[in-house]
Amino acid sequence: MASTYLSKVQTTGTNRKIQTFSTWVKKCQNPSSDNVLFSSYYSADERLTIFFDSSQEITVFNRSGGSNTVTLVTNRLFRDVSAWYHIVVALDSTQATASNRVKIYVNGVQETSFATAIYPSLNEDFRIGSSAYTSYLGVYAASSGYFDGNMAHFNSIDGTAYPASTFGETDSLTGIWKPITSPSVTYGTNGFFLKFASSGSMGTDSSGNSNNFTVNGNLTQTQDTPSNVFATLNALIPMRGTATYNNGNTYFSSSYGDWDSALSTIGATQGKWYFETKWGNPEQLIIGCVDVEKDPEFLSAQGTVGFLGYQGGIGYLGEASSPRVIGNTGNNLYTGLTSISSGNIVGCAIDLDNREMFVHINGTYTNSGNPETRANPYDMSTSINSGGTVLMGVSSRSGYPIETNFGNGYFGTTAVASAGTNASGIGIFEYDVPTGYRALCTKSINAQEYS
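All of these numbers come straight from a predicted model, not from anything done at the bench.

Some remarks on the pairing of strand E1 (residues 5-9)
Right, on to step 1. Within E1, four of the five residues are buried, leaving the element largely enclosed by the surrounding structure.
Right, on to step 2. With three bridges joining them, E1 and strand E16 (residues 214-216) adopt antiparallel strand pairing. Within E16, the position partnered with Ser-7 by the bridge is Thr-214.
Right, on to step 3. Pairing between E1 and strand E11 (residues 134-137): four bridges, direction antiparallel. The residue of E11 that forms the bridge with Leu-6 is Leu-137.

See below:
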């Protein structure tokens with residue numbers, strides 16, 4: 001999140017001509033300003049930076065003595081906010097061929113098409129590896145270019161240029177690029193390996209060099225990793241108004257005077273799924289799901305459809321005095337339900353196999369529902385096609401923000417108060433996950449497919 005980054009003053013390094021950087025990142029936004037992954041900084045005229053630029057290209061930039069000695073900008077754009085990217089930058093100015101002196105790999109594949117390609121001179125020292133410099137993760141010089149997203153397994157190598165295959169490999173079953181969690185590398189003097197494995201010491205170096213970083217701001221650990229991607233709210237879905245997404249796209253606030261929706265980055269066609277929300281002001285909020293094949297206008301922001309449960313979906317409308325469930329025709333399917341108060345946690349259990357929905361408020365299911373026995377469900381048969389692609393999500397009006405938990409174990413930056421039981425063992429929730437229901441994430445999707 002903004003104003004959060006890691007920093008460390010460098011020491012005299014092993015080799016300023018040869019370096020490697022490897023990290024996994026999941027973007028949350030595509031902003032109009034730079035998003036920095038790594039920066040080595042002494043001054044505006046002496047710096048090395050790796051970042052997503054304002055056009056969502058990957059850029060490697062080195063400035064020495066007031067001159068731009070490296071500028072490598074990909075032609076390819078990186079806009080996905082639902083998946084992890086593995087980015088490797090290998091620097092070696094001792095190479096005879098100029099184009100071999102800076103290499104960029106994304107998900108194991110070397111980038112070879114560039115909008116701008118300025119390579120360093122032979123045997124040039126990069127702006128790193130001196131006690132005059134400070135290393136920054138997630139910001140440019142502690143003041144701008146904050147990275148908005150998640151980061152995992154940041155490796156920095158001092159003195160050796162490694163290819164992407166040192167840090168990742170192709171899964172033989174899925175064909176997906178996946179992390180090598182214990183890469184075989186020589187880190188060199190200034191090298192480090194940040195696993196972010198402990199929530200209480202996120203800056204701990206696991207390379208053996210004790211090059212620990214200082215955490216600045218509120219850095220939150222997440223269950224969302226390259227090995228198990230969790231659903232978040234999808235900031236790329238067009239809105240009728242504008243919206244603010246924060247905290248890893250788990251927070252949503254619309255500026256639109258009428259209803260606007262935020263839907264999950266992951267959908268499902270079958271199975272049983274569970275997620276939670278925290279309602280600050282319950283007067284104008286909805287939790288539920290939508291069948292995007294039945295109502296594609298949810299993804300195009302065209303027409304009059306703007307909120308869950310009106311057309312193509314079903315939702316639980318949080319009117320504090322008289323909550324109700326609405327279906328795809330806008331009818332009040334159920335009325336006189338349990339009232340909602342500010343700060344309540346509202347959970348949603350969605351059964352796509354039987355097209356049923358259950359909603360609880362602070363652990364007590366409304367309408368005397370019971371997702372484990374299928375007692376008194378909210379009927380989704382007219383709202384959700386059998387086998388249709390369903391996205392979970394929320395709706396609200398301007399001034400009514402909402403926080404979601406798809407299994408990361410946080411509402412905003414606050415951990416759940418008392419984690420409930422979870423039979424699948426995937427995800428952390430405030431309340432018990434009903435038997436047979438899963439967190440919406442890639443491991444759960446795979447388990448569902450192979451069950």
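Continuing now.
A few points about the sheet that holds strand E23 (residues 324-326)
Right, on to step 1. Overall, antiparallel pairing links the six strands, which are arranged E19-E29-E21-E22-E23-E24 in an open sheet. The open sheet has two edge strands, strand E19 (260-268) and strand E24 (332-334), and neither has a second partner. The sheet shows a mean angle of 25° between the axes of neighbouring strands, taken without regard to direction.
Right, on to step 2. Across five bridges, strand E21 (residues 285-291) lies against strand E22 (residues 313-317) in antiparallel orientation. For Cys-289, the partnering residue across the bridge sits in E22 and is Ile-314.

Looking at the packing of aromatic side chains
The geometry of two aromatic rings is summed up by the distance between their centres and the angle between their planes.
Right, on to step 1. Tallied over the full model, the rule gives 17 aromatic pairs.
Right, on to step 2. Both rings, one in Phe-38 and one in Phe-154, keep their centres 6.1 Å apart while their planes meet at 35°; by these two values the pair is tilted. Of this pair, Phe-38 sits in strand E3 (residues 35-43) while Phe-154 sits in strand E12 (residues 149-158), and the two are 116 residues apart along the sequence. For the residue pair Phe-38 and Phe-154, the accessibility class agrees, reading buried in each case.
Right, on to step 3. An aromatic cluster is present here, built from Phe-21, Phe-38, Phe-154, Phe-192 and Phe-213 joined pairwise through their rings.
Right, on to step 4. The lysine or arginine in question, Lys-27, covers the ring of Phe-52, its NZ or CZ lying 4.4 Å from the ring centre.

What counts as what
Counting starts from 1 at the beginning of each chain's written sequence and moves along it residue by residue. Reporting in this predicted model follows two pLDDT cut-offs: at least 70 for local features of residues, and 80 or more for side-chain atom pairs to be given and counted; totals over whole chains, interfaces and linings ignore these cut-offs and use all residues. Only hydrogens and water are set aside when side-chain values are computed; all heavy atoms of the structure are taken into account. Using a 1.4 Å probe on the protein chains alone, a residue whose accessible area is under 20% of its type maximum counts as buried, one over 50% counts as exposed, and one in between counts as partly exposed. The way it works is that DSSP assigns letters per residue, a run of H or I at least four long becomes a helix, a run of E at least two long becomes a strand, and they are numbered from the N terminus. The rule for pairing is simple: two strands pair if DSSP sees at least two bridges between them. Structural elements are reduced to axes, namely lines fitted to C-alpha atoms, with helices fitted over the stretch in contact, and the angle between N-to-C directions of any two is expressed from 0 to 180 degrees. What counts as a ring pair is set by centres within 6.5 Å for rings of Phe, Tyr and Trp (its six-membered ring), and what kind of pair is set by the plane angle: stacked under 30 degrees, edge-to-face over 60, tilted for all other angles. Geometrically, a lysine NZ or arginine CZ counts as sitting over a ring once it is within 6 Å of the ring centre and also within 35 degrees of the ring normal.

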